[in-house]
Amino acid sequence: MLRIARHPHTTARRTALRLLAATAAFLSLSFTGAALPHSAAAATEPAGGSVSVTPASPQVPAGVTAGVAVFDRQTGTFTEQLAPAATFRSASVVKLLIALDFLWNRNPDTIPAADRTRLDVMLRSSQDAAASHYWSAYGGPAIVERMVTRLGLADTAPPPAGYEGYWGYTAMSARDTVTTYRHVLESAPAPVRDFVMERLRQSTRCASDSFDQHFGIAAAFDRPWAVKQGWSGRYAKGNCGSVGAPAARGSDASAPSSAAAGDASVDLSRPALHTTGTVGAGDRSIVAVLTLHQDGTSYGKAYTDVGRLTRSLNVPGGTAPKGKWYGTWGQDVAVRTEPVVGDNLLTRLPAGVEVLVGCQKKGQLVSVPPYTNDWWAYLPQYGGYVTNIYISHPDDQLPDVPLCTSQK
């Protein structure tokens, strides 16, 4: 739940000033360097304050359609189910089925090096080109049909008629996603289980298309966890990473730029964002959170909403990370290795996303007229700092965040 700011009138004044000062922010770039957004004119500020991490069972944010299933492998029971049979277009979650189909009668230790490389980047970094290779080479929709039969999936289906070439339009449900993970963990040959799960545990923060994929499970819980995420929609370009690599738009590379309704049971148009995987020692809990968002929703907003929903779930074996959740404002906000401007960029935040603040310390004075601030927030999940100017709170120093130790 969002905490009400201590100075609501100050927050309102600052919000208005930030919007009026957007153009002026460009002028400050020559003084603050790459720590500041590329496009402050696009910045908006969500309501400020810290966010509770106390689980309260499925809390679906307004405007979000969700299918949720959490399975406790220790007790053999579901601890959460919300529309578990509802079908969603899978986006990149179907890459699990694509990988399992290829490995069905193969030992990962003996497959060609080229396939090991493709599977590695497809599972760790969600590379679309690798998925498209297997989809084209091994029968496209037939891959899904084979896996439905092999795993006994109840709700999964190939892409609808007219979209057979688009693997991201495969229909999946939360409960079928749980079944898929249970197969990997409990039925697949040990070499296949270890190969797949090792790569999901090594999920890269930045996906191959420059989107930050450590949302949902990866942000809501401390390790150990393993994830396979999915996103599809008309999101702005990805900005994840420390270098200016070409960024891809959020439209699933397996899908056309626009699509009709298709199969009436599966929405092919609204922005989708899914987090799936395991949480806890011994992969105790399997978590599947599949979501659709209102048209026009930004990636940062969807990222935040999926995070809030995931944090509300009862996930046995999961441990919430220490810190306070805060909203941010601004476009392409930089995360840096130290609280200073320089050649130390780690990555950039999705616009308007919530972040976990672990501690804060004074660093280089940063100016974004009419603001100046020398306080920086340490984001433990990124291993770096952002200037407090872009944290949505009226005070320069966050009142409920401890000072960083000398080790930070």
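Residues numbered from 1 in each chain as written. Predicted model: local features only at pLDDT ≥ 70, side-chain atom pairs only at ≥ 80, totals over all residues. Heavy atoms only, no water.

Novice: Honestly, the environment of proline 159 in this entry has me stumped. Any pointers?
Specialist: Among the structural elements, proline 159 can be located in the loop between helix H7 (141–151) and strand S5 (171–173). Its relative accessible area of 7% is what places proline 159 among the buried residues. (Helix = DSSP H or I, 4+ residues; strand = E, 2+ residues; numbered from the N terminus. Buried < 20%, exposed > 50% of the residue type's maximum accessible area, 1.4 Å probe, protein only.)

Novice: What's the story with the sheet that holds strand S3 (residues 77–82) in this structure? I'm lost.
Specialist: In a beta sheet, neighbouring strands pair by backbone hydrogen bonds and run either parallel or antiparallel. With respect to topology, 5 strands assemble into an open sheet ordered S3-S2-S8-S7-S6, the strand pairing being antiparallel. With one partner strand each, in any of the chains shown, S3 and strand S6 (225–232) form the two edges of the open sheet. Within this sheet the neighbouring strands show an average axis-to-axis angle of 5°, counted without direction. In the sheet, S6 pairs with strand S7 (residues 272–279) via 8 bridges, with the strands oriented antiparallel. Following the sheet pairing, tryptophan 231 is matched in S7 by leucine 273. Of the strands in this sheet, S6 and S7 are in contact with helix H9 (residues 190–201), which crosses S6 at around 75°. (Pairing = 2+ DSSP bridges. Axes fitted to C-alpha atoms, helices over the stretch in contact; angles between N-to-C directions. Contact = heavy atoms within 4.5 Å.)

Novice: Can you help me understand the pattern of salt bridges in this one?
Specialist: Any two side chains of opposite charge can pair, given that their charged atoms come close. This model, assessed by the stated rule, comprises 19 salt bridges. Arginine 193 is the partner of aspartate 194 in a salt bridge, and the nearest nitrogen-oxygen pair spans 3.0 Å. As a salt-bridge pair, aspartate 267 and arginine 270 come within 3.0 Å of each other at their nearest N and O atoms. Judged by relative accessible area, which is 22%, aspartate 267 ranks as partly exposed. (Salt bridge = Lys/Arg side-chain N within 4 Å of Asp/Glu carboxyl O.)

Novice: Sorry, what's going on with the packing of aromatic side chains here?
Specialist: Aromatic ring pairs are reported here in terms of the distance separating the ring centres and the angle at which the planes meet. Within this structure, the stated rule accounts for 16 aromatic pairs. On the numbers, 6.4 Å between centres and 80° between planes, the contact of phenylalanine 215 with tryptophan 231 is edge-to-face. On the criterion of sequence distance, the pair formed by phenylalanine 215 in the loop between H9 and helix H10 (217–220) and tryptophan 231 in strand S6 is long-range, its members being 16 residues apart. A connected cluster of aromatic rings, assembled from ring pairs, spans Phe211, Phe215, Trp231, Tyr235, Tyr299 and Tyr303. Between arginine 199 and the ring centre of phenylalanine 195, over which it is positioned, the NZ or CZ distance is 3.7 Å. (Phe/Tyr/Trp six-rings, centres within 6.5 Å; stacked < 30°, edge-to-face > 60°. Lys NZ or Arg CZ within 6 Å of the ring centre and 35° of its normal.)

Novice: How should the nonpolar core be read in this particular structure?
Specialist: Nonpolar side chains in soluble globular proteins tend to be buried together. If you look at the biggest cluster of nonpolar residues, it comprises 41 residues, and the most contacted ones within it are Leu97, Ile98, Leu103, Leu119, Met122, Val196 and Leu200. Broken down by secondary-structure element, the contributors of at least two residues to this core are strand S2 (65–72), helix H4 (95–102), helix H5 (113–124), helix H6 (128–137), H7, helix H8 (174–186), H9 and strand S8 (285–292). The leading source of residues in this core is H4, at 6 residues. With residues near it in sequence (within four places) discarded, leucine 97 still touches Ile143, Met147, Leu151, Leu153, Thr156, Met172 and Thr180. Tyr371, Tyr382, Val386 and Tyr390 belong to the second largest nonpolar core, which has 35 residues in total. (Core = buried A, V, L, I, M, F, W, Y, C linked by side-chain atoms within 4.5 Å.)

Novice: Just checking my understanding: could you explain the environment of valine 279 for this structure?
Specialist: Note that valine 279 resides in strand S7. Residue valine 279 is classed as buried on the basis of its relative accessible area, which comes to 0%. Separated by 38 residues in the primary sequence, valine 279 and glycine 317 place their C-alpha atoms 6.6 Å from one another.

Novice: Looking at this structure, how should I read the side chain of glutamine 213?
Specialist: Position of glutamine 213 relative to the elements: it lies in the loop between H9 and H10. Reaching out from glutamine 213, the side chain makes a polar contact with the side chain of serine 203 at a distance of 3.4 Å. Ignoring anything within four residues of it in the chain, the contact list for glutamine 213 reads Arg124, Ser125, Ser126, Ser203, Thr204, Arg205, Ala207, Gln229, Trp231 and Tyr299. (Polar contact = N/O pair within 3.5 Å; in protein donor to acceptor, adjacent residues only side chain to side chain.)

Novice: How do you make sense of H5 when you look at a structure like this?
Specialist: Residues lying three or four places apart along an α-helix face the same way, a consequence of the helix completing one turn every 3.6 residues. Its 12 residues place the ends of H5 16 Å apart at the C-alpha level, agreeing with the 16 Å of an ideal helix rising 1.5 Å per residue. Within the sequence span of H5, burial applies to Asp115, Leu119, Asp120, Met122 and Leu123. The inward-facing, buried residues of H5 abut H4, H6, H9 and S6. In the stretch just after H5, serine 126 is the one whose phi turns positive, near 55°. (Expected span 1.5 Å × (residues − 1).)

Novice: Looking at this model, I keep getting lost on the side chain of asparagine 239. Mind explaining?
Specialist: Structurally, asparagine 239 can be placed in the loop between S6 and S7. Here the side chain of asparagine 239 touches aspartate 332 through a polar contact of 3.0 Å, side chain to side chain. Not counting the four nearest positions on each side in its chain, asparagine 239 is found in contact with Ser210, Asp332, Thr347, Arg348, Leu349 and Pro350.

Novice: So what exactly am I meant to see when it comes to H9 here?
Specialist: Between the first and last C-alpha of H9 there are 16 Å, a value that for 12 residues agrees with the 16 Å anticipated at 1.5 Å per step. For H9, the set of buried residues is Val192, Phe195, Val196, Met197, Arg199 and Leu200. Among the structural elements, H4, H5, H8, S6 and S7 are those in contact with the buried residues of H9.

Novice: It is not clear to me how the packing of H5 against H6 should be interpreted in this structure. Could you clarify?
Specialist: Helix-helix packing: each pair is described by the crossing angle between the helix axes and the interaxial distance. In contact at an axis separation of 8 Å, H5 and H6 are set at 125° when each is read in the N-to-C sense. As judged from the angle between their axes, H5 and H6 are oblique. Crossing handedness for the pair H5 and H6: left-handed. On H6, the residues that touch Asp115, Arg118, Leu119, Val121 and Met122 of H5 are Ala130, Ala131, His133 and Tyr134. Class assignment of the residues belonging to the contact of H5 with H6 gives a composition of 6 nonpolar, 1 polar and 2 charged. (Parallel < 35°, antiparallel > 145°, perpendicular 65-115°, else oblique. Left-handed = near helix turned anticlockwise from the far one by under 90°. Nonpolar A, V, L, I, M, F, W, Y, C, P; charged D, E, K, R; others polar.)

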